[in-house]
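Letter by letter, the chains look like this.
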Amino acid sequence: MDTVAPGTPTPETAPWLLVVDPQRIFADPASEWASPFFPSAMGNVRALAAHIGSERTLVTRWLPTADRDTAWGAYFAAWPFADVPAEDPLYELVEDAQALSAHPTVDEPTFAKWGPKLAALVGRAPQLLVTGVSTDCCVITTVLAAADAGAHVTVVTDAVAHSTAENGQAALQVMGLFPPQVQLRSTREVLEAVPPRPGA
């Protein structure tokens, strides 16, 4: 695997597991944005987090705090169910994600979660294992922004949840156009390539 080095990783080379937006708004079947692939993706996310460890796992949230005087105003007009306070239960982490990370959530009002907050945590040119939801929105935008910033990105293809199978396949195909900065790997391939955290 090009972006996951074999052997015992040092603190500088050990990968970070990034779990993008595992929130109720994308998981609850009653939500207009629910992904039918969320449960299976979260099973693999949990396996990866147990392997990587909570200290090297980061969880993000998308919050509805963007300036309504920008194009985000039209966005929320199109999706009024999501135009609620950031404290609304829709934006809480799902139960399975609440204990994945030893760090506070990285909260952003943008599709892409790569930005100064995340960069400050993972450092320069990190190894990122990207999982979460949705493949065709916040995952793909995060991946491409991180790659542009110099991160070595591995998208864990069975630990991301799509809006539809077709949209997910299209997004994975696009992300696959950016090697060597972006690699596509399965959970099994990552677990085999990355040594477990001590004590795991």
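Residues numbered from 1 in each chain as written. Predicted model: local features only at pLDDT ≥ 70, side-chain atom pairs only at ≥ 80, totals over all residues. Heavy atoms only, no water.

Caption draft 1: Fine view of helix α6 (residues 165-175). Buried residues of α6: Gly168, Ala171, Leu172 and Met175, and no others. Projected onto a plane normal to the axis of α6, the buried residues spread over an arc of 100° and lie on a single side. Away from its buried face by more than 90 degrees, α6 exposes Glu166 and Gln173. Residues of α6 that are buried in the fold lie against α5 (135-148), β5 (152-161) and β6 (182-185). (Buried < 20%, exposed > 50% of the residue type's maximum accessible area, 1.4 Å probe, protein only. Helix = DSSP H or I, 4+ residues; strand = E, 2+ residues; numbered from the N terminus. Arc of directions from axis to C-beta. Contact = heavy atoms within 4.5 Å.)

Caption draft 2: Seen up close, the environment of Val94. Structurally, Val94 is set in the loop between α3 (71-78) and β3 (106-108). The buried category is assigned to Val94, whose relative accessible area is 12%. Along the backbone, Val94 and Arg24 are 70 residues apart, and their C-alpha atoms lie at a distance of 5.4 Å. The contact partners of Val94, leaving out residues within four places of it in the chain, are Pro22, Gln23, Arg24, Ala27, Phe38 and Met42.

Caption draft 3: Fine view of the UniProt feature "domain: Isochorismatase-like" (unreviewed entry) in the protein. Within this numbering scheme, the UniProt entry marks residues 16-175 as carrying the feature "domain: Isochorismatase-like" (unreviewed entry). Structurally, residues 16-175 comprises 37% helix and 19% strand, and the distance from its first C-alpha atom to its last is 19 Å. (UniProt positions renumbered as here; feature names shortened; annotations may be inferred.)

Caption draft 4: Just the side chain of His162, in detail. Looking at the element boundaries, His162 is found in the loop between β5 and α6. In terms of polar contacts, His162 uses its side chain to reach the side chain of Thr135, at 2.5 Å. His162 has contacts with Ser35, Pro36, Phe37, Thr135, Asp136, Gly168 and Leu172, leaving out every residue within four places of it along the chain. (Polar contact = N/O pair within 3.5 Å; in protein donor to acceptor, adjacent residues only side chain to side chain.)

Caption draft 5: Representation of empty space enclosed by the protein. Evaluated as defined, the whole model comprises two cavities of 30 Å³ or more. Volume-wise, the second largest cavity comes out at about 30 Å³. If you go around the second largest cavity, the residues you meet are Val20, Pro22, Phe38, Ala41, Met42, Gly132, Val133, Ala159, Val160 and Ala161. Looking at the lining of the second largest cavity, the elements that each hand over two or more residues are α2 (38-52), β4 (127-133) and β5. In terms of residue class, the lining of the second largest cavity is built from nine nonpolar, one polar and no charged. (1 Å grid on protein atoms, 1.4 Å probe; cavity = no way out; pocket = protein on both sides within 12 Å on 5 of 7 lines; lining within 4 Å. Points joined across faces, edges and corners; volume = space filled by probe spheres on them. Nonpolar A, V, L, I, M, F, W, Y, C, P; charged D, E, K, R; others polar.)

Caption draft 6: How the structure looks around the sheet that holds strand β1 (residues 16-20). Overall, parallel pairing links the six strands, which are arranged β3-β2-β1-β4-β5-β6 in an open sheet. Single-partner strands in this sheet number two, and they are β3 and β6. Across this sheet, the average inter-strand angle for adjacent strands is 25°, counted without regard to direction. Of the pairings in the sheet, the one linking β1 to strand β2 (residues 57-62) comprises three bridges and is parallel in character. Looking across to β2, one finds that Leu18 is bridged to Leu58. Against the sheet, α2 contacts β1, β2, β4 and β5, and its axis sits at roughly 135° relative to β5. Docked against the sheet, α5 engages β1, β4, β5 and β6, running at close to 165° with respect to β4. (Pairing = 2+ DSSP bridges. Axes fitted to C-alpha atoms, helices over the stretch in contact; angles between N-to-C directions.)

Caption draft 7: Structural context of the packing of aromatic side chains. Per the stated rule, a full pass over the model turns up 15 aromatic pairs. Taking the centre distance of 5.6 Å and the plane angle of 90° together, the rings of Tyr75 and Phe76 count as edge-to-face. Centroid distance Tyr75 to Phe111: 5.6 Å. Interplanar angle 70°. Geometry classified as edge-to-face. Of the two residues, Tyr75 sits in helix α3 while Phe111 sits in the loop between β3 and α4 (116-122), which places them 36 residues apart along the sequence. For Tyr75, a relative accessible area of 21% corresponds to the partly exposed category. Aromatic rings pair up to connect Phe26, Trp33, Trp62, Trp72, Tyr75, Phe76, Trp79, Phe81, Tyr91 and Phe111 into one cluster. Geometry around Phe76 places Arg68 over its ring, the cationic atom sitting 3.8 Å from the centre. (Phe/Tyr/Trp six-rings, centres within 6.5 Å; stacked < 30°, edge-to-face > 60°. Lys NZ or Arg CZ within 6 Å of the ring centre and 35° of its normal.)

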